[in-house]
Amino acid sequence: MSLAIGGGILACANPKALSKEHQDRILVIGAGIAGLAAARALAEQGIRTTILEGRSRIGGRIHTDRSLNNIPLDLGASWIHGIEDNPIYELAKSTNIRTLKTAYTEIQLYGNGKFLSDQEKEAIDQQLAKVLRATEKAREQRTNQDQADISLKLALEQVINSKNPQFSSQQLQELNYAINTAIEHEFAADAGDLSLYHWDHSNAVKGEDVLFPDGYEQIINLIAKGLDIKLNQIVKNITYNNQEVIVTTNQGSFAADKAIITLPLGVLKQGNLEFVPSLPDRKIKAIQSLGMGTLNKVYLQFPNVFWDQEAHLLGSISDNKGEWAEWLNIYFYTHQPILLGFNAGSYGRAIESLSDQGIVAGAMQTLQQMYGSQIPKPTGYLVTRWQQDPFSYGSYSYMATGSTPNDRQALAESVNNRLFFAGEATSQNYPSTVHGAFLSGVEVAQKVMA
Ligand SMILES: Cc1cc2nc3c(=O)[nH]c(=O)nc-3n(C[C@H](O)[C@H](O)[C@H](O)COP(=O)(O)OP(=O)(O)OC[C@H]3O[C@@H](n4cnc5c(N)ncnc54)[C@H](O)[C@@H]3O)c2cc1C
């Protein structure tokens, strides 16, 4: 499949064109990357579509903010995860959009009152790998014995507690740090909420991870160019029958032959949006079973750099697991003295109820522990609250305890050949990612045209 915009997103597909009278009657709900990719793919086949977007901007969970001195800072997705045969990387390459690599081993890691040596960091990685191998064995055993799913945390604890000799408290702290940054940040959920059986059920794209020093929005703008997008249209009701689909927003009603729904799982879970008739039980169960995770970001702008300029990441092994453990050195990518802190899962959710000042103070406490009390105060900051965001209610989906990959399939299934579904949570191969969302949009367009 050619994925370059010039070659056409669907250049190698062979869709049957819709009949003439249907050509302007496809509605796409949501102008995130899935909705934009679907509309673009349809547009490239001469099928006019209208996108209805609730926000006053496009991009959804890809959003480049420029309010700090016009510096492009991504509040949603940052990385292309794996560049080999990745459609997002292909788009970036074919249009000369600049990307820079993140090497996760290039980390300045603080713990136990000092910065750790390369060997000490390596030892933590190896310890995590060992525990995960033992957890994998436990998973196989449970599967063979037909036992019910449990949380990843419970399985990890069983492995950790069975170790002889026991881990020291320092080793446990290091392991908790590794579990938090390597797993809980990636899946935006506590290990206690992840399914042992399916937490890692997705395909990794090979190759390095890269990010956009000039902002992810460049990809969004590229795909959105020339599409018919109506902003500030908050969809409230979707009524469908054998003839048509009627979508009602805060501003009016739109009729179509088919609708492509790319609403985030968090929005579907919230249930503020009415489907008439209601969605099939299978899909409702999938919406309930899958988890919607939280990953929040805090950018802090400083007058000068006081950390290792060359490090890609900074880490802090803290007493309290999951609090301000991982930072991205934005200076390395943009030469601006900015740090980006991440918090995921329950702590990521908890800080949303704090004031901005409270959040910044918490971040500064960790940085002061790492770099001393004399470090400068931030001159600017950006704080995200993805869980409270009424257009996403969370950051991205995860496999919650008890959910299965069939739930993602059920979420992706069309209803009566009228309603079609796309978006990161519907992707079986690459959920929770930009490329997964993009490909789900391309695939749903093919389904609509079939
Ligand atoms: C903090 C954060 C960091 C991330 N980091 C990465 C990363 O580094 N790499 C990566 O690959 N992925 C990352 N992701 C995940 C990635 O951003 C998403 O998987 C992807 O952008 C989802 O695209 P989508 O089109 O499925 O959904 P969305 O982008 O959410 O699009 C859905 C659209 O529907 C709209 N909408 C919602 N409700 C309504 C309504 N009622 N009426 C009309 N419109 C509505 C929304 O406003 C939105 O525009 C991250 C996400 C977050 C939040």
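Residues numbered from 1 in each chain as written. Predicted model: local features only at pLDDT ≥ 70, side-chain atom pairs only at ≥ 80, totals over all residues. Heavy atoms only, no water.

As a structural note, the neighbourhood of the ligand is formed by 37 residues, with E53, R61, W79, V235 and V434 the closest of them. A34 has a polar backbone atom sitting 2.9 Å from an oxygen atom of the ligand. Between the ligand and R61, the relevant distance is 2.7 Å, taken from an oxygen atom to a side-chain nitrogen or oxygen of the residue. Within the complex, the protein chains bury 98% of what would otherwise be the 1,000 Å² of accessible surface of the ligand. In terms of residue class, the shell around the ligand is made up of 19 nonpolar, 14 polar and 4 charged. Each of domain 1 (24-61 + 215-291 + 396-449) and domain 2 (64-105 + 207-212 + 293-383) contributes no fewer than three residues to the shell around the ligand. (Near = heavy atom within 4 Å. Polar contact = N/O pair within 3.5 Å; in protein donor to acceptor, adjacent residues only side chain to side chain. Areas by Shrake-Rupley, 256 points an atom, 1.4 Å probe, with all protein chains shown as cover. Nonpolar A, V, L, I, M, F, W, Y, C, P; charged D, E, K, R; others polar. Domains from an automatic or database assignment.)

To continue, consider the UniProt feature "binding site: FAD" (unreviewed entry) in the protein chain. Here the UniProt-annotated "binding site: FAD" (unreviewed entry) positions come out as V235. Its location among the elements puts V235 in strand β11 (residues 235-240). (UniProt positions renumbered as here; feature names shortened; annotations may be inferred. Helix = DSSP H or I, 4+ residues; strand = E, 2+ residues; numbered from the N terminus.)

Entries for the protein chain in the domain assignment read domain 1 (24-61 + 215-291 + 396-449), domain 2 (64-105 + 207-212 + 293-383) and domain 3 (120-187). Each side of the interface is counted separately: domain 1 has 17 residues, and domain 2 has 20 residues. Buried area between domain 1 and domain 2, summed over both chains or domains, comes out near 1,600 Å², and the portion from carbon and sulfur atoms is 67%. At the surface where domain 1 touches domain 2, the tally comes to 1 salt bridge. Remark: the boundary between domain 1 and domain 2 carries 9 residue pairs in polar contact (both at pLDDT 80 or more). (Contact = heavy atoms within 4.5 Å. Buried area = accessible area lost by both parts, 1.4 Å probe. Salt bridge = Lys/Arg side-chain N within 4 Å of Asp/Glu carboxyl O.)

Attention now moves to the sheet that holds strand β13 (residues 253-256). For sheets, the rule is that strands pair by backbone hydrogen bonds, running either parallel or antiparallel. Taken together, the 4 strands give an open sheet; going across it, the order is β13-β12-β11-β15, and neighbouring strands pair in mixed fashion. In this open sheet, the two edge strands, each paired with only one partner strand, are β13 and β15 (274-276). The average angle at which neighbouring strand axes cross in this sheet is 15°, direction not considered. Relative to strand β12 (residues 245-249), β11 is paired through 5 bridges, and the arrangement is antiparallel. Each residue of the ladder has a partner; that of I238, found in β12, is V247. (Pairing = 2+ DSSP bridges. Axes fitted to C-alpha atoms, helices over the stretch in contact; angles between N-to-C directions.)

With that settled, the discussion passes to helix α1 (residues 33-44). Relative to the 16 Å expected for 12 residues at 1.5 Å per residue, α1 spans 16 Å between its end C-alpha atoms, a close match to the ideal helical length. The buried count for α1 comes to 10 of 12 residues, which makes it a mostly enclosed element. For α1, every residue scored as buried is listed here: I33, A34, G35, L36, A37, A38, A39, R40, A41 and L42. Backbone geometry just downstream of α1 places G46 in the positive-phi region, at approximately 80°. (Expected span 1.5 Å × (residues − 1). Buried < 20%, exposed > 50% of the residue type's maximum accessible area, 1.4 Å probe, protein only.)

As for its placement among the helices and strands, S392 is situated in the loop between β21 (380-383) and β22 (396-398). Engagement of the side chain of S392 in a polar contact is seen with the backbone oxygen of G394, the distance being 3.0 Å. When neighbours within four sequence positions are excluded, S392 is seen to be in contact with R55, R61, P264, G266, V267, M292 and W386.

Turning next to the UniProt feature "domain: Amine oxidase" (unreviewed entry) in the protein chain. Feature annotation in UniProt places "domain: Amine oxidase" (unreviewed entry) on residues 33-449, given in this structure's numbering. Within the segment residues 33-449, helix and strand shares are 36% and 20% respectively, and the terminal C-alpha atoms sit 19 Å apart.

Per the counting criterion, the structure on display carries 12 aromatic pairs. Between the aromatic rings of F306 and W307, the centroid separation amounts to 4.8 Å while the plane-to-plane angle is 90°, which identifies the pairing as edge-to-face. The burial state of F306 is the same as that of W307; both residues are buried. Here the aromatic rings of F332 and Y333 are separated by 5.0 Å at their centres, their planes lie at 85°, and the arrangement is edge-to-face. An aromatic cluster is defined as three or more aromatic residues linked by ring pairs; in this entry it consists of Y110, F115, F302, F306, W307 and Y371. Between K163 and the ring centre of F167, over which it is positioned, the NZ or CZ distance is 4.6 Å. Across from the ring centre of F421, 3.7 Å away, lies the NZ or CZ of K283, which sits over that ring. (Phe/Tyr/Trp six-rings, centres within 6.5 Å; stacked < 30°, edge-to-face > 60°. Lys NZ or Arg CZ within 6 Å of the ring centre and 35° of its normal.)

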